[in-house]
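Residues per chain, in single letters:
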Amino acid sequence: MPAKKDDRSAAPPLPEPLAVPVADSHTHLDMQREQGTVEEALAKAASVGVTTVIQVGCDVTGSRWAADTAAAYDNVWAAVALHPNEAPRIVHGDPDGWSRQGERQPGGPAALEAALAEIDALAALPQVRAVGETGLDYFRTGEGGVEAQQLSFRRHIDIAKRHGKALVIHDREAHADVLRILDEEGAPDAVVFHCYSGDAAMAKLCADKGYFMSFAGNVTYKNAQDLRDAVAVAPLELLLVETDAPFLTPVPYRGRPNAPYLIPVTVRAMAAAKGVGEDELGTALGENTARAFGYGNPAGGDTA
């Protein structure tokens with residue numbers, strides 16, 4: 001039976017294809033499998049001009065899956081890490097479900113060290129082009145989890161630098177500490193603020209440091225003028241686009257499942273905010289993503 005027009009579980013329709021190929025710099029294909037296979041997701045994305053995706057891990061299991069998937073598909077690259085909320089879950093457990101990731105027994109510092117060692121090993125693989133998503137998230141983590149988050153973040157920075165990989169940052173309600181720790185540890189050559197959440201002033205700070213800023217579907221939301229202002233002031237050569245699918249579906253499909261094929265909706269919103277043509281922005285986005293993650297070209301072929 002076909003989905004009803006108001007069915008919030010229904011996949012949005014295909015947008016008009018982009019003329020210039022771009023990459024989805026941050027997606028979670030492992031969380032989209034109810035919508036179809038990886039092959040189907042990639043084919044759907046390619047049909048609208050999204051020719052490369054960065055598959056991002058959030059824990060050890062997801063990071064292994066990301067690495068395996070990137071090894072299996074030429075147009076997929078992997079990022080591996082422990083999400084900021086995963087670190088305190090490993091150390092302190094999650095008996096009351098604060099993380100919304102299910103119950104977990106505490107493992108203590110030794111368990112965190114073991115998980116970080118696995119991420120370190122995965123980061124050495126050639127199809128893994130980034131360490132992330134790491135960073136800080138103070139939205140759900142209480143004071144007791146901050147120490148574990150900050151320790152994990154510092155360790156991920158070290159892993160990225162030792163392996164020469166990009167660092168993908170999740171920054172939620174923690175701007176000052178994220179920037180401070182990057183300064184204290186020394187940032188890797190390529191830093192990507194995934195789902196950029198700062199304002200125009202922070203965008204200027206990131207630009208001064210040469211950090212990439214990746215914008216997701218929430219740049220289309222009515223209450224997201226700060227994000228559009230950030231797009232406007234960020235240098236064209238530091239802009240990326242992402243879905244963070246299945247989350248952050250752009251307007252007018254907010255609340256329905258997100259997927260890489262919806263990137264064109266966000267690209268067009270970014271072009272309007274930036275005051276540039278869609279093709280000009282698309283060219284920059286493709287080149288920037290390839291440069292940030294160190295693969296050969298926007299279509300996903302490795303020329304290294």
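Owing to the predicted nature of the structure, the values given are computational and were not obtained by experimental measurement.

A. Region of the structure containing the overall build of the protein chain. Helix and strand counts for the protein chain come out as 10 helices and 8 strands. For the protein chain, the C-alpha radius of gyration of 18 Å lies close to 19 Å, the compact-globule estimate for 304 residues. When the backbone C-alpha atoms are referred to their principal axes, the protein chain occupies close to 50 × 50 × 40 Å. Taken over 304 residues, the protein chain has a buried fraction of 55%. The long-range share in the protein chain, meaning contacts at least 24 apart out of those at least 6 apart in sequence, stands at 70%.

B. Region of the structure containing the packing of helix H8 (residues 225-233) against helix H9 (residues 263-274). The geometry of H8 relative to H9 is characterised by a closest axis approach of 8 Å and an angle of 70 degrees between their N-to-C directions. As the angle between them shows, H8 and H9 are arranged roughly perpendicular. The chirality of how H8 crosses H9 is right-handed. Side by side, H8 and H9 meet where Arg 228, Val 231, Ala 232 and Val 233 of the first sit next to Met 270, Ala 273 and Lys 274 of the second. Taken together, the residues that form the contact of H8 with H9 break down as 5 nonpolar, no polar and 2 charged.

C. Inspection of helix H4 (residues 108-123) at higher detail. Taking 1.5 Å of rise per residue, 16 residues should cover 22 Å, and H4 covers 23 Å from first to last C-alpha, within 8% of that figure. All of the buried residues in H4 are Gly 108, Leu 112, Ala 115, Leu 116, Ile 119, Leu 122 and Ala 123. Seen from one end, H4 has its buried residues packed into an arc of 115 degrees, which puts them on one side. Of the exposed residues in H4, those oriented more than 90 degrees away from the buried face are Ala 110 and Ala 121.

D. The arrangement of the pattern of salt bridges in detail. Within the structure shown, the criterion is met by 12 salt bridges. For Arg 162, the salt bridge goes to Asp 120, with nearest N and O atoms at 2.8 Å. With a gap of 42 residues between them, Arg 162 in helix H5 (residues 143-163) and Asp 120 in helix H4 connect regions that are remote in the sequence. The closest approach of N and O atoms between Glu 185 and Arg 154, which form a salt bridge, is 2.6 Å. Taken together, the positions of Glu 185 in helix H6 (residues 175-185) and Arg 154 in helix H5 put the pair 31 residues apart, joining distant regions of the chain.

So, how was this worked out
- In this convention, every chain numbers its residues from 1, walking through the sequence in written order.
- Note on the predicted model: pLDDT of at least 70 is required for a residue's local features to be given, and 80 or more for side-chain atom pairs to be given and counted; whole-chain, interface and lining totals, by contrast, use all residues.
- Side-chain metrics in this entry use all non-hydrogen atoms of the structure; hydrogen atoms and water are not considered.
- The helix and strand labels rest on DSSP assignments: H or I over at least four residues marks a helix, E over at least two residues marks a strand, and numbering proceeds from the N terminus.
- With the radius of gyration taken over C-alpha atoms, the globule rule is written as 2.2 Å times the number of residues to the power 0.38.
- When a residue's accessible area, from a 1.4 Å probe over protein chains only, is under 20% of the maximum for its type it is buried; when over 50% it is exposed; and in between it is partly exposed.
- The criterion used for residue contact is that any of the two residues' heavy atoms lie within 4.5 Å.
- Each axis is a line fitted through C-alpha atoms, and for a helix only the stretch in contact is used; angles between axes span 0 to 180 degrees, taken between their N-to-C directions.
- Roughly parallel means an angle under 35 degrees; roughly antiparallel means over 145; roughly perpendicular covers 65 to 115; every other angle is labelled oblique.
- Helix crossings fall into two classes, left-handed where the near helix is turned counterclockwise from the far one by less than a right angle and right-handed where it is turned clockwise.
- Residue classes follow a fixed rule: Ala, Val, Leu, Ile, Met, Phe, Trp, Tyr, Cys and Pro count as nonpolar, while Asp, Glu, Lys and Arg count as charged, and any other residue, Gly among them, counts as polar.
- In a helix, the anticipated span is given by 1.5 Å times the number of residues less one.
- The reported arc concerns the directions from the helix axis to the C-beta atoms and nothing else.
- Here, a salt bridge means any side-chain nitrogen of Lys or Arg that lies within 4 Å of a carboxyl oxygen of Asp or Glu.

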